[in-house]
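Residues per chain are reported as follows:
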Amino acid sequence: MKRTLFTLAVMLLTMAAFAQTAREVLDKTAAALSNKGGVTANFSIRNGVSGSIKIKGRKFQATTPQGIVWFDGKTQWTYVKQNNEVNVSNPTEAELQAINPYNFVYMYKKGYKAELKDVGKLYQVYLVATDKAKGIQELFVRVDKQTFTPQILSMRQGTQWTTITVSNVKKTNIADSAFTFPAKDYPQAEIVDLR
């Protein structure tokens, strides 16, 4: 009986240490992306959309051939080139996650269980929501073991999976104005306020 309890205790401690290690990997990833001046990167979504992103704290700007998204931490402006239209909104956390792949550095600390797996030159962290109301129910983050920069993110919203490949992550200095819609540059755009 004592041996069984001891074995069970060792297994539980090992599982807890492994989960803690997953959180440590994500903490190091968040630190690697938390440059005071900002971070830039390129991304490619499995559905064929690719572009670049600028991030500074919770703010971001994502640019694709189809349009540009600016988010200043509260308000989001989405410019759709085809329609010459700008939609203004206050997005939810789930909507932000779908648009800004780096938003996971804020969401993993609350409401998710984390597991770690070693995948060659990468760590793979698997996050699963502990609350069924979360917009992102599952998320796989593959992180470079040397730089702790994310390489691949796969997330599930409802039954839909999205995979994003990230490259060319660089720390830089980005002006705060890069995260708000520059109305003077789009004088003919139709503004649609969805707030």
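The structure under discussion appears in the preceding block.
Here is a short report on the structure shown in this document. (Residues numbered from 1 in each chain as written. Predicted model: local features only at pLDDT ≥ 70, side-chain atom pairs only at ≥ 80, totals over all residues. Heavy atoms only, no water.)

## Some remarks on the pairing of strand β10 (residues 150-157)
Moving on, step 1. By the bridge criterion, six bridges tie strand β9 (residues 138-144) to β10 in an arrangement that is antiparallel. Within β10, the position partnered with L139 by the bridge is M155.
Moving on, step 2. Connecting β9 to the next strand, β10, in antiparallel fashion are five residues, including F148 with a positive phi near 60°.
Moving on, step 3. Counted between consecutive antiparallel strands, the loop separating β10 from strand β11 (residues 160-171) contains two residues, among which G158 sits at a positive phi close to 65°. (Pairing = 2+ DSSP bridges. Helix = DSSP H or I, 4+ residues; strand = E, 2+ residues; numbered from the N terminus.)

## Topic: the packing of aromatic side chains
Where two aromatic rings form a pair, the distance of their centres and the angle of their planes describe that pair.
Moving on, step 1. This model, assessed by the stated rule, comprises eight aromatic pairs.
Moving on, step 2. Taken together, a centroid distance of 4.6 Å and an interplanar angle of 50° make the contact between Y79 and Y186 tilted. Within this pair, whereas Y79 is found in strand β5 (residues 76-80), its partner Y186 is found in the loop between β11 and β12 (190-193), the two being separated by 107 residues in sequence.
Moving on, step 3. Taking relative accessible area as the criterion, Y79 reaches 10% and is therefore assigned buried.
Moving on, step 4. On the basis of relative accessible area, Y186 is assigned to the buried category, the value being 19%.
Moving on, step 5. Each residue in the set W70, Y79, F181 and Y186 is aromatic and connected to the rest through ring pairs, giving one cluster.
Moving on, step 6. The positively charged end of K145 is found above the aromatic ring belonging to Y123, 5.4 Å away from the centroid. (Phe/Tyr/Trp six-rings, centres within 6.5 Å; stacked < 30°, edge-to-face > 60°. Buried < 20%, exposed > 50% of the residue type's maximum accessible area, 1.4 Å probe, protein only. Lys NZ or Arg CZ within 6 Å of the ring centre and 35° of its normal.)

## Overview of the sheet that holds strand β8 (residues 122-129)
Moving on, step 1. Taken in spatial order, the twelve strands make up an open sheet running β7-β8-β9-β10-β11-β1-β2-β3-β4-β5-β6-β12, and their pairing is mixed. Across the chains shown, the open sheet's two edge strands, defined by having one partner strand only, are β7 (112-119) and β12. On average, adjacent strands in this sheet sit at an angle of 20° to one another, irrespective of strand direction.
Moving on, step 2. Pairing analysis gives five bridges linking strand β3 (residues 59-64) to strand β4 (residues 67-71), with the strands arranged antiparallel. Note that in β4 the partner of A62 across the bridge is V69. (Axes fitted to C-alpha atoms, helices over the stretch in contact; angles between N-to-C directions.)

## With respect to the pattern of salt bridges
Moving on, step 1. Inspection of every chain in the model, using the stated rule, returns six salt bridges.
Moving on, step 2. Ionic pairing is found between D185 and K184, a salt bridge with its closest N-O pair at 3.5 Å.
Moving on, step 3. Three or more residues are tied together by salt bridges with common partners; here these are K56, K59 and D176. (Salt bridge = Lys/Arg side-chain N within 4 Å of Asp/Glu carboxyl O.)

## Describing unusual backbone geometry
Moving on, step 1. Phi angles above zero are rare outside glycine, and F148 is one such case at about 60°.
Moving on, step 2. By secondary structure assignment, the location of F148 is in the loop between β9 and β10.
Moving on, step 3. Positive phi is not limited to glycine here, since N168 has a value of about 55°.
Moving on, step 4. In this structure, N168 sits in strand β11.

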